[in-house]
Amino acid sequence: MLHLKSQNTMFQLFLLLKFTTILFSMVNSSPPEDPIICSSINRNCTITNSYGAFPDRSVCRAADVAYPTTEEELISVVATATEAKRKMKVATRFSHSIPKLVCLDGDDGLLISTKFLNRKLEIDRMGMTISVESGVTLRQLINEATKVGLALPYVPYWWGLTVGGMLGTGAHGSTLLGDGSSVQDYVIQIRIVTPAGPEEGYGKVRTIVSGDPDLKAARVSLGVLGVISQVTLRLQPLFKRSITISVKNDVDLGDQVTRFGYQHEFADMTWYPSQGKVVYRIDDRVSSNVSGNGLYDFTGFRSTLSTELAIVRTTEENQEMRGDADGKCTDGKLITSALIVSAYGLTNDGIVFTGYPVVGYHNRLQASGTCLDSLNDELIEVCPWDPRVRGLFFHQTAVSISMSKVKSFIQDVQKLVELAPKALCGVDLYNGILMRYVKASTAYLGKQEDAVDFDITYYRSKDPMSPRLYEDILEEVEQIGVFKYGGLPHWGKNRNVAFEGVINKYGNAEEFLNVKQDYDPLGLFSSGWTDQVLGLRDRVTIVREGCALEGLCVCSQDIHCAPSKGYFCRPGKVYEKARVCAR
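Note that the structure is a prediction, hence the values are computed from the model and not measured.

1. Thoughts on the overall build of the protein
Secondary structure summary: the protein contains 14 helices and 26 strands in total. Sequence separation of 24 or more characterises 72% of the internal contacts of the protein that already satisfy a separation of 6 or more.

Printed below as a string of structure tokens:
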């Protein structure tokens, strides 16, 4: 821990470093570590996510890991494991999913990494399609499409995701227009390697094409159907976009949110509830004749000095320890102002921001992640969440609220802010609440209705038994979103509480489970966690001392700490009785 002469000195240094990084971030850093670490060559392995901790802080183990480089090798790996009735899980290069989708039961299973299944296979320029292996990253996909003047219209904002990972979790961008807001909505063919019987050599490739109902299961699979080998996506001609950021008061956000998404193709909002402020992104296609070569290099995805991260983390830990809500509010306003001044990383020419609108080609504006562009500098600079340094450590709640209910949800959050004005200042330290528009999908486990996705990142203690500042308010926001308004959790984010009873929210869950049974009748690609999420085992919540602190349990089946009832979870209690909330 850093020892400075005074808190004032620490705060001044904090300000200096934050402005320095936001405005003049450097480009070289240490790339993320492989999430799989083995004690001997490909044996006795552990796996984690890119943040270094699953929601329950457990260590996930495997006896072996395989790194197939071709589809033929992948078939052989799956066949060998199937014949031995071994459990299998698929791992990606950067492992960005927060829940335990990649975890096996026990420590004798097999991990199959798609790290080297990372090639472009074919681009049909006239037909506007691209075929890639499942380990191709979003950045590779964007770059390969751009080379022939094509584009994938709606994608997540972080380019360190793989194609297989995006389909496994339903990753999405922001739009209510076009064919959908999610990557899966543009998939027209998937090749997936699944277990098989002895007459088929214990492993086979299934090719699923548009029109096949099984594609509705494979488009959002949670990794329980098999290993996606190859994917073909439908593209569009490359186009330009124009982006303008507008900052307004949040007093009418409930009304604005239901209109804004239909007015602008790539619209999103960033909400700072404790400041009563909303940042609207006015983002639309424009003619290719409009001048501009804008670039989006989002500040939060840039390389950051590990020393700065340590100071920022230590500052917040001290604020938590002292109950210093005022300090968090002050720092939150500082960070918000710096991000707005720096246009969140937008530049008009790739170097300097000179004003709005920022116009540029879609491939330069749709996603970023330059902290991945690096040679190893021994952790001098890293991605801000790199667990090898004392950096960001957080919970993340991402819930989609249907358009018919979103106004009421926003109003409930605003009521909580009225009750405790400083309660959500900590969210501002992690760039507020990102609100993206998501369109209903035909995928069985995709979005059921047009909705707004609320992505909330907030402080997580290194001590699992340590309550957070204003924890009751944040817990209430999460639970009213999930339970009162029936929000759907992002499959690749969230704590356990968001997945409680989730399968009952999907009208075609039975159809998905039928495909799962057909593709993997022995459940070799399933685990206890995925079975719980899919309603095949007991509840996904974990009852133990301190479970509420980590979002591992809910208050009860009938009381979910709704603000109208005045109920709040009691941190650190064992949740074994029917009524476990306290007024």
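2. Thoughts on the nonpolar core
Grouped burial of nonpolar side chains is what soluble globular proteins tend to show. Ranked by internal contacts, the top residues of the largest apolar core, which has 83 residues, are Leu141, Leu225, Leu445 and Trp491. If near-sequence neighbours (up to four positions away) are discounted, Leu141 is found in contact with Ile130, Val132, Val136, Leu152, Val163 and Leu233.

3. Let's talk about the sheet that holds strand S7 (residues 129-133)
As summarised here, the arrangement of the five strands in space is S6-S7-S11-S9-S10, forming an open sheet in which the pairing is antiparallel. In the strand order of this sheet, the two ends are held by strand S6 (120-124) and strand S10 (203-209), each with one partner. Within this sheet the neighbouring strands show an average axis-to-axis angle of 10°, counted without direction. With six bridges joining them, strand S9 (residues 187-195) and strand S11 (residues 227-234) adopt antiparallel strand pairing. What sits directly across from Val187, in S11, is Leu233. In the packing of helix H2 (residues 71-83) onto the sheet, contacts are made with S9, S10 and S11, and the angle to S9 comes to roughly 40°.

4. A short note on the environment of Glu545
As for its position among the elements, Glu545 is in the loop between helix H14 (528-533) and strand S25 (568-569). On the basis of relative accessible area, Glu545 is assigned to the partly exposed category, the value being 46%. In the structure, Glu545 is positioned 80 residues away from Met465 in sequence and 8.3 Å away in space, judged by C-alpha atoms.

5. What to know about the environment of Asp297
Among the structural elements, Asp297 can be located in the loop between strand S16 (295-296) and strand S17 (304-305). The contact partners of Asp297, leaving out residues within four places of it in the chain, are Arg302, Tyr344, Gly345, Ser368 and Thr370.

6. Notes on the sheet that holds strand S19 (residues 358-361)
Here eight strands make up an open sheet; going across it, the order is S19-S13-S15-S14-S22-S23-S21-S24 and the pairing antiparallel. At either margin of the open sheet sits one strand with a lone partner, and together these are S19 and strand S24 (488-489). Relative to strand S23 (residues 451-459), strand S22 (residues 433-438) is paired through six bridges, and the arrangement is antiparallel. Residue pairing for S23: Arg436 is matched across the bridge by Asp453. Together, strand S13 (240-249), strand S14 (268-272), strand S15 (277-286) and S23 form the strand contacts of helix H8 (residues 325-341), whose direction differs from that of S15 by roughly 20°.

7. Some remarks on helix H7 (residues 306-322)
For H7, with 17 residues, the first-to-last C-alpha span of 24 Å sits near the 24 Å given by 1.5 Å per residue. Extensive coverage of H7 is indicated by the burial of 14 of its 17 residues. Trailing H7 by a residue or two, Gly323 shows a phi angle of about 65°, which is positive.

8. Here we look at unusual backbone geometry
Tyr356 connects to Pro357 through a cis peptide bond whose omega is 0°. For Pro357, the location among the structural elements is in the loop between strand S18 (346-347) and S19. Although it is not a glycine, Tyr202 sits at a positive phi angle of roughly 70°. Although it is not a glycine, Asn431 adopts a positive phi angle of roughly 65°.

9. Some points on the side chain of Ser181
Examined against the element boundaries, Ser181 turns out to sit in the loop between helix H4 (163-169) and S9. For Ser181, a relative accessible area of 0% corresponds to the buried category. Of the polar contacts made by the side chain of Ser181, one reaches the backbone nitrogen of Lys439; its length is 2.9 Å.

10. As for the packing of H7 against H8
Packing of H7 against H8 leaves a shortest axis separation of 8 Å and a crossing angle of 145°. Where H7 abuts H8, its residues Thr315, Glu316, Gln319 and Glu320 lie against Gly327, Lys328 and Asp331. Looking at side-chain class alone, the contact of H7 with H8 contains no nonpolar, three polar and four charged residues.

11. Some words on the packing of helix H6 (residues 253-263) against helix H10 (residues 406-419)
Two elements in contact, H6 and H10, have axes whose closest approach is 8 Å; the angle formed by their N-to-C orientations is 150°. Taken together, H6 and H10 sit at an angle that is classed as roughly antiparallel. Between H6 and H10 the crossing geometry is right-handed. When H6 is examined against H10, the residues Leu253, Gly254, Asp255, Val257 and Thr258 are found in contact with a partner set consisting of Val406, Lys407, Ile410 and Gln414. Broken down by class, the residue content of the contact of H6 with H10 amounts to four nonpolar, three polar and two charged.

12. A look at the packing of aromatic side chains
In the structure shown here, the tally under the stated rule is 18 aromatic pairs. Above the face of the Phe266 ring, Arg241 is positioned so that its terminal group lies 4.1 Å from the ring centre.

13. Concerning the state of the cysteines
Per the stated rule, a full pass over the model turns up four disulfides. Across the disulfide, Cys60 is cross-linked to Cys103 (sulfur-sulfur distance 1.9 Å). Linking Cys60 and Cys103, the disulfide has an S-S dihedral of approximately 80° and is accordingly described as right-handed. Placement of the pair is Cys60 in strand S3 (residues 60-66) and Cys103 in the loop between strand S4 (88-91) and strand S5 (110-113), with a sequence separation of 43 residues. When sorted by exposure, Cys60 lands in the same class as Cys103, which is buried. Note that Cys371 is cross-linked by a disulfide to Cys383, the S-S spacing being 2.0 Å. Around the S-S axis, the bridge from Cys371 to Cys383 shows a dihedral of about 90° and counts as right-handed. Pair noted here: Cys371 is in the loop between helix H9 (362-365) and strand S20 (381-382) and Cys383 is in the loop between S20 and strand S21 (394-402), with a separation of 12 residues, a long-range link. With relative accessibility at 2%, the residue Cys383 sits in the buried group.

Conventions adopted
- Residues numbered from 1 in each chain as written.
- Predicted model: local features only at pLDDT ≥ 70, side-chain atom pairs only at ≥ 80, totals over all residues.
- Heavy atoms only, no water.
- Helix = DSSP H or I, 4+ residues; strand = E, 2+ residues; numbered from the N terminus.
- Contact = heavy atoms within 4.5 Å.
- Core = buried A, V, L, I, M, F, W, Y, C linked by side-chain atoms within 4.5 Å.
- Buried < 20%, exposed > 50% of the residue type's maximum accessible area, 1.4 Å probe, protein only.
- Pairing = 2+ DSSP bridges.
- Axes fitted to C-alpha atoms, helices over the stretch in contact; angles between N-to-C directions.
- Expected span 1.5 Å × (residues − 1).
- Polar contact = N/O pair within 3.5 Å; in protein donor to acceptor, adjacent residues only side chain to side chain.
- Nonpolar A, V, L, I, M, F, W, Y, C, P; charged D, E, K, R; others polar.
- Parallel < 35°, antiparallel > 145°, perpendicular 65-115°, else oblique.
- Left-handed = near helix turned anticlockwise from the far one by under 90°.
- Phe/Tyr/Trp six-rings, centres within 6.5 Å; stacked < 30°, edge-to-face > 60°.
- Lys NZ or Arg CZ within 6 Å of the ring centre and 35° of its normal.
- Disulfide = S-S within 2.5 Å.

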